[in-house]
Amino acid sequence: MRLPHSRSQSLVFESNALFLTTLVLAAIVSGSPVVDAQEDAGAKTELASAQAPAANQTHEASTKFAVMAAYYGEMISHPGFSIGMEYYFFENNWFAAYVSPQVGWYIHPRNHYALFMEGNIGARFTARFGLFGELLGGLGYQQRWTHGGRVYSRDSDGSISSRFAAGSAALKVNGRFGFGWDFARNNLLPMVAFVRVGVFGEYPYNNYMLLHGSFEAGVIYRF
Amino acid sequence: MRHPTTSFISVCLTCILLLSCSEYYQDGDWFYVEDEGAIMPVWVRGNVSSGIFIVFLHGGPGESAIVERIAAGNDYLEEHYAVVYWDQRGSGLAQGNPSPETYNLDQFAEDVDLVVDVVKQKYDVNTMFMMGHSFGGMLGTEYLLDDTRQDKIAGWIAIDGVHNYPLQWELAVEWVVENANLKVQNGEGTSYWEGELEWYNTFPDPPYTELPFAGADEIARHSANVAYLNGWYYDGSYPESKPEYVFASPISLAYVFTPIKLRDHWGEWFEDRSPEMYQITIPSLLLWGRHDGGVPVELAPDVYNSLGTQAEEKEIVIFENSAHHPHEEEPELFTQVVVEFIQSVVE
């Protein structure tokens, strides 16, 4: 007797999840060709009109809050995303200290996928012309599920049954460093583009803390 | 014109999309078995339509059948039969949080039985064989000592497989000492090998009743010495590591860390099953690399003589150009020998 499972079902889910994640992210960062063409044609005009008022005013933040969205890659290439916010509890011309709650998701095909919520505290050092470096670390909660196929187990009567995936909860411990560009320093936009590379620990995993690499590339928009 | 940053990110995302289409994410069937806190991946590859399935028991303890398949390949055998790659609890890519108390041979054998039953239920299996490498030899032996379980398996293939740890460690230490002395005589790394020989001299005299050293660090030290003497791979070349294994395959960093954690339990598997092996009566093929320094070839006659299988249904085959991994070092000859054995059983 075959179990009530079709391999094609898991493959469809697997392919769809990967494809949709990357497709959506690609669409977000790329924009449509039409928009690109328009931007190209009117670039000089837009730049000129944008710089005229910028000469007299800077994009100084009106609040201490910002929102962020990023590609989140576990081990760089296992795709996902993260979204969150930043609250700057101390800042001056070259330094900002902030807290950043985030939620995110990623998938490592045929291994696992995970949802996470985390709180980070960070320090950002920004040069006058906009380049910055930052360090951040924090703690969070991660819920992981197996990925790639069904999970089979033996019931108390000896028969075998299956389910879609097996999940487990874990503590997530983060450490990251990053760099990026603060466009507000050049009077362009109240926006930051960043790349962050880091390590996070997942505990427990086989009764120890499993280390993962992480890579983020995204933007922070400050109100 | 597209902004350079946008182009860069688009290229990155395209790369990620391509990586997501890796063959390791597509080939074969992938599923998990869950037992006593462990969630263990199973990868079924090869000629499923043959109806002949080989359940592969990896070594270590703590290694990974799946990583071994990815890094070393097994294409020749998979052309003929379906091969079931399963990562044992607390090993390789296995997930979950099993209690360390479950790291014992009884539980491992129960896990094997679950894999066998799931595969038999999931596929049209005509004949099932079991193949154990290194520690997988001990695990397969443990499994087959149960009559009910043995009835599920048509034939047993051991590749440099352990069945008697006290004898294995005695022979492995002898092998290193003998080859280290040759190094000293030849003036190769003299000071290093003299130091290591002093260390081996601190071991108690065999027969061993427990591991001849304290624990995980010493296991790593001995293992490194076997490697330096080409006792794992005869020509000293290991399977190539490729970036795609990290970035575009199921492999995670668990492959690095998990086996280290499991080493703390090696002492608990220090068993000798030879007195009970007369109960194993199925056709058996014993494959050994001539130059194996970890599980030396001198162990082969003890396995052969201990098995209850009739003489005409058991055989030892020595691979002259292999150490501990004849299935990787001489894959074509290995496949030829295994196919001949399986066909002789099936026919």
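Every chain's residues receive numbers from 1 upward, in the order its sequence appears when written. Both sets of labels track the order of writing: A upward for chains, 1 upward for ligands. Reporting in this predicted model follows two pLDDT cut-offs: at least 70 for local features of residues, and 80 or more for side-chain atom pairs to be given and counted; totals over whole chains, interfaces and linings ignore these cut-offs and use all residues.

Colleague: How do you make sense of the overall build of chain A when you look at a structure like this?
Modeller: Under the DSSP-based scheme used, a helix requires at least four consecutive residues in state H or I and a strand at least two consecutive residues in state E, with every element numbered from the N terminus. Regarding its fold elements, chain A presents 3 helices and 10 strands. When the helices and strands of chain A are placed in sequence order, the string is α-α-α-β-β-β-β-β-β-β-β-β-β. Residues classed as buried in chain A amount to 32% of the 223 residues present. To sort residues by exposure, count the other C-beta atoms lying within 10 Å of each residue's C-beta; 20 or more gives buried, 12 or fewer gives exposed, and values between give partly exposed, all with C-beta atoms placed from the backbone.

Colleague: Explain the overall build of chain B here, please?
Modeller: A count of helices and strands for chain B gives 14 helices and 9 strands. We compute the radius of gyration from the C-alpha atoms alone; for a globule the expected value is 2.2 Å times N to the 0.38, where N is the number of residues. Against the compact-globule benchmark of 20 Å for 347 residues, chain B has a radius of gyration of 21 Å, which places it among compact chains. By its C-alpha atoms, chain B is 75 × 55 × 40 Å across when sized along the principal axes. Residues counted as buried form 47% of the 347 residues belonging to chain B.

Colleague: In this structure, what is going on with the nonpolar core? I would like to understand it.
Modeller: A general tendency of soluble globular proteins is for nonpolar side chains to be buried together. Val55, Val84 and Ile157 of chain B are the most contacted members of the largest nonpolar core, which has 89 residues in total. When residues of this core are assigned to their parent elements, the largest contribution, 8 residues, is made by helix α7 (residues 165-185) of chain B. All the domain ranges listed were derived from an automatic or database domain assignment. Lining this core are residues from two domains, each supplying at least three of them: domain 1 (23-165 + 236-346) and domain 2 (169-228) of chain B. Among all residues touching isoleucine 157 of chain B, those that are not within four sequence positions of it are Phe129, Met131, Leu285, Leu287, Val338 and Phe341 of chain B. Tyr71, Tyr113, Phe116 and Ala217 of chain A belong to the second-largest nonpolar core, a separate cluster that totals 10 residues. We define a nonpolar core as a collection of buried residues of the types Ala, Val, Leu, Ile, Met, Phe, Trp, Tyr and Cys that are connected via C-beta atoms lying within 7 Å of each other. Contact definition: two residues whose C-beta atoms, as placed from backbone geometry, lie within 7 Å.

Colleague: Quick question: what am I supposed to make of unusual backbone geometry here?
Modeller: Note: most peptide bonds trans; most residues except glycine with negative phi. For the peptide bond that leads from glycine 60 of chain B to proline 61 of chain B, omega is 0°, which places it in the cis range. Along the polypeptide, proline 61 of chain B turns up in the loop between β3 (52-57) and α2 (65-72). Residues other than glycine seldom take positive phi values, yet arginine 110 of chain A does so here, at roughly 55°. If you trace the backbone, arginine 110 of chain A turns up in the loop between β3 (95-108) and β4 (112-126). Not every positive phi belongs to a glycine, and aspartate 160 of chain B is a case in point at roughly 45°. With respect to the secondary-structure elements, aspartate 160 of chain B resides in the loop between β7 (155-159) and α7.

Colleague: Quick question: what am I supposed to make of the packing of α7 of chain B against helix α8 (residues 190-201) of chain B here?
Modeller: Two measures define how a pair of helices packs: the angle their axes make with one another and the distance between the axes. Residues and elements named next belong to chain B. Taken N-terminus to C-terminus, the directions of α7 and α8 make an angle of 150°; their axes are 9 Å apart at the nearest point. Judged by the angle between their axes, α7 and α8 are roughly antiparallel. Between α7 and α8 lies a crossing of left-handed hand. Here α7 contributes Val173, Val176, Val177, Ala180, Asn181, Lys183 and Val184 to the contact with α8, which in turn contributes Thr190, Trp193, Glu194, Glu196, Leu197 and Tyr200. All axes are obtained by fitting lines to C-alpha atoms, using only the stretch in contact for helices, and the reported angles, taken between N-to-C directions, cover 0 to 180 degrees. In this scheme, roughly parallel covers angles under 35 degrees and roughly antiparallel covers those over 145, while 65 to 115 is roughly perpendicular and the rest are oblique. Each crossing gets its handedness from the near helix: less than a right angle anticlockwise from the far helix is left-handed, clockwise is right-handed.

Colleague: Sorry, what's going on with the environment of glycine 218 of chain A here?
Modeller: Residue and element names in this part refer to chain A. Within the secondary structure, glycine 218 sits in strand β10 (residues 208-222). Each C-alpha atom of the pair glycine 218 and alanine 193 lies 5.8 Å from the other, and the pair is 25 residues apart in sequence. Those residues in contact with glycine 218 that sit more than four places away from it in its chain are Met68, Ala69, Ala70, Tyr71 and Phe194.

Colleague: Sorry, what's going on with the confidence of the model for chain A here?
Modeller: On average, residues of chain A score 80 in pLDDT, and 72% of them are at 70 or above. Every residue gets a pLDDT, meaning the predictor's confidence in that residue, from 0 to 100. With pLDDT under 50 throughout, residues 1-58 of chain A is counted as low confidence; its partners more than four residues away or in other chains account for 42 contacts.

Colleague: What's the story with the domain arrangement of chain B in this structure? I'm lost.
Modeller: How big an interface is tends to be expressed through the accessible area that disappears when the partners come together. Residue and element names in this part refer to chain B. As far as domains go, chain B holds domain 1 (23-165 + 236-346) and domain 2 (169-228). The interface of domain 1 with domain 2 comprises 13 residues on the first partner and 12 residues on the second. Its residues assigned to classes, the side of domain 1 that touches domain 2 shows 7 nonpolar, 3 polar and 3 charged. Here the nonpolar group is Ala, Val, Leu, Ile, Met, Phe, Trp, Tyr, Cys and Pro; Asp, Glu, Lys and Arg are the charged ones; every other residue, Gly included, is treated as polar.

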